[in-house]
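Now for the letters of each chain:
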Amino acid sequence: MSANANPFAVGQKVCLLLTTGQVSTKRFEITKVWRYPTTFRYQLDTGYVADHSELRALEGEMPQGDATTGNLEAPAVAEPAAPDA
């Protein structure tokens, strides 16, 4: 997945993409978002860290915005921590 993809937002409900190509029936909430060199990474409410390509947004789920106008707030994307030198 390219870094140009729009990231999911904190608080958005998503499903995991299973190895069989189907999506999980369990809903997960995104608690943290950060940029990785070629993708976005997400920490879910279970503590699991997933790549952008592993997640699918739920149908009709609009994060932190007005669904009638399509105006969304900018997602909270955490900057990666600087390595200890």
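Numbers given to residues run from 1 along each chain, matching the order in which its sequence is written. Reporting in this predicted model follows two pLDDT cut-offs: at least 70 for local features of residues, and 80 or more for side-chain atom pairs to be given and counted; totals over whole chains, interfaces and linings ignore these cut-offs and use all residues. With hydrogens and water set aside, each side-chain value is computed from the structure's full complement of heavy atoms.

S.K.: I'd like a rundown of the overall build of the chain, residues and numbers included.
M.R.: Scanning the chain from terminus to terminus reveals 0 helices and 7 strands. Going from N to C terminus, the chain has its helices and strands arranged as β-β-β-β-β-β-β. Across the 85 residues of the chain, 26% fall into the buried class. Put simply, of all contacts in the chain between residues at least 6 apart along the chain, 47% involve residues at least 24 apart. Only DSSP runs of H or I covering at least 4 residues are called helices, and only runs of E covering at least 2 are called strands; the numbering of each starts at the N terminus. Buried residues are those whose accessible area, probed at 1.4 Å on protein chains only, stays under 20% of the maximum for their type, while exposed residues exceed 50% and partly exposed ones sit between those limits. Contacts were defined at the residue level, with two residues in contact if any of their heavy atoms lie within 4.5 Å.

S.K.: Now, about the pattern of salt bridges: what can you tell me, with residues and values included?
M.R.: The term salt bridge refers to a pairing of a side-chain nitrogen on Lys or Arg with a carboxyl oxygen on Asp or Glu at a separation within 4 Å. Applying the stated criterion to the full structure yields 2 salt bridges. Of the charged contacts, one joins Glu29 and Lys13 as a salt bridge, the two residues approaching to 3.1 Å between their closest N and O atoms. On the criterion of sequence distance, the pair formed by Glu29 in strand β2 (residues 28–35) and Lys13 in strand β1 (residues 13–16) is long-range, its members being 16 residues apart. By relative accessible area, which is 23% here, Lys13 ends up partly exposed. The shortest N-O distance in the salt bridge between Asp51 and Arg41 comes to 2.3 Å. Here Asp51, found in strand β4 (residues 49–51), pairs with Arg41, found in strand β3 (residues 40–44); they are 10 residues apart in sequence, far enough to count as distant. Taking relative accessible area as the criterion, Asp51 reaches 22% and is therefore assigned partly exposed.

S.K.: Help me get a handle on the confidence of the model for the chain, residues and values and all.
M.R.: A score from 0 to 100, pLDDT tells how confident the predictor is in each residue. For the chain, the mean per-residue pLDDT works out to 76, and 64% of the residues sit at or above 70. Per-residue pLDDT stays below 50 along residues 62–75; that stretch engages in 15 contacts with residues further than four places along the chain or on separate chains.

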